[in-house]
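Now for the letters of each chain:
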Amino acid sequence: DSKISKGLIQDIRRSGQPYESEDRLTMCSPLMTRDHRCLGVLRIDSFNDKTKLSRRDLPVLNTVATQLTLAIENSILHETAVRDRLMQVEQSTSA
């Protein structure tokens, strides 16, 4: 069982660098925004030695993390735009 400490996750978030465990049972990739903020960490685990992760898995994980980050950012932008529009409508109807 591969265990990742909260401290390691915080280090990944701070550094913005991916991580792979020496036993190849865990890989992590930070969800980094264009302005270098970390929204979280995407983690994959293999639960036995027969299905260890390979070095080729890390670039795939990084690509998925990038796409996930873009989706999260777009969702936040959309939510902000909807909220702003609702405020405009409320202000125009109360005036």
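The preceding data block contains the structure.
As a starting point, this report considers the structure included with it. (Residues numbered from 1 in each chain as written. Predicted model: local features only at pLDDT ≥ 70, side-chain atom pairs only at ≥ 80, totals over all residues. Heavy atoms only, no water.)

## Digging into the pattern of salt bridges
Under the defined criterion, the tally for this structure stands at 7 salt bridges. Across the pair Asp45 and Arg43 runs a salt bridge whose closest N-O atoms are separated by 2.9 Å. Residues Glu79 and Arg83 are paired through a salt bridge, measuring 2.9 Å at the closest nitrogen-oxygen approach. Of this pair, Glu79 and Arg83 both sit in helix 2 (residues 57–94), 4 residues apart, roughly one helical turn. Look at Glu79 and you get partly exposed, because its relative accessible area is 46%. Under the relative-accessibility criterion, Arg83 is labelled partly exposed at 43%. (Salt bridge = Lys/Arg side-chain N within 4 Å of Asp/Glu carboxyl O. Helix = DSSP H or I, 4+ residues; strand = E, 2+ residues; numbered from the N terminus. Buried < 20%, exposed > 50% of the residue type's maximum accessible area, 1.4 Å probe, protein only.)

## Considerations on the pairing of strand 2 (residues 26–32)
In terms of burial, strand 2 is a largely internal element, 6 of the 7 residues being buried. Between strand 1 (residues 19–20) and strand 2, which pair antiparallel one after the other, the connecting turn spans 5 residues, and Arg24 there sits at a positive phi close to 60°. The turn joining strand 2 and strand 3 (residues 38–45), which pair antiparallel and follow one another in sequence, is formed by 5 residues; a positive phi near 70° is taken by His36. (Pairing = 2+ DSSP bridges.)

## Notes on the sheet that holds strand 1
Here 3 strands make up an open sheet; going across it, the order is 1-2-3 and the pairing antiparallel. Because the sheet does not close on itself, it has two edges, and the strands there are strand 1 and strand 3. Taken together, the 2 bridges between strand 1 and strand 2 define a ladder with antiparallel strand orientation. Residue pairing across strands places Tyr19 opposite Cys28, the latter belonging to strand 2. Helix 1 (residues 6–15) rests against strand 1, strand 2 and strand 3 of the sheet, and its axis sits at about 125° to strand 3. (Contact = heavy atoms within 4.5 Å. Axes fitted to C-alpha atoms, helices over the stretch in contact; angles between N-to-C directions.)

## Observations concerning the state of the cysteines
For the coordinates displayed, the defined rule picks out 0 disulfides. For Cys28, which is in no disulfide, the shortest distance to another cysteine sulfur is to Cys38 and amounts to 11 Å. Looking at Cys28, the relative accessible area reads 0%, which means it is buried. (Disulfide = S-S within 2.5 Å.)

## Overview of unusual backbone geometry
Here Arg24, not a glycine, exhibits a phi torsion of approximately 60°, which is positive. Among the secondary structure elements, Arg24 is positioned in the loop between strand 1 and strand 2. Unlike most non-glycine residues, His36 shows phi in positive territory, near 70°. Assignment of secondary structure puts His36 in the loop between strand 2 and strand 3.

## Some thoughts on the nonpolar core
Residues Met27, Leu31, Leu42, Leu53, Leu58, Leu61 and Ala65 constitute the largest nonpolar core, which totals 7 residues. Counting residues per element, the ones that place at least two in this core are strand 2 and helix 2. By residue number, the principal contributor to this core is helix 2, which donates 3 residues. Setting aside its immediate chain neighbours within four residues, Leu61 contacts Met27, Cys28, Ser29, Leu42 and Ile44. (Core = buried A, V, L, I, M, F, W, Y, C linked by side-chain atoms within 4.5 Å.)

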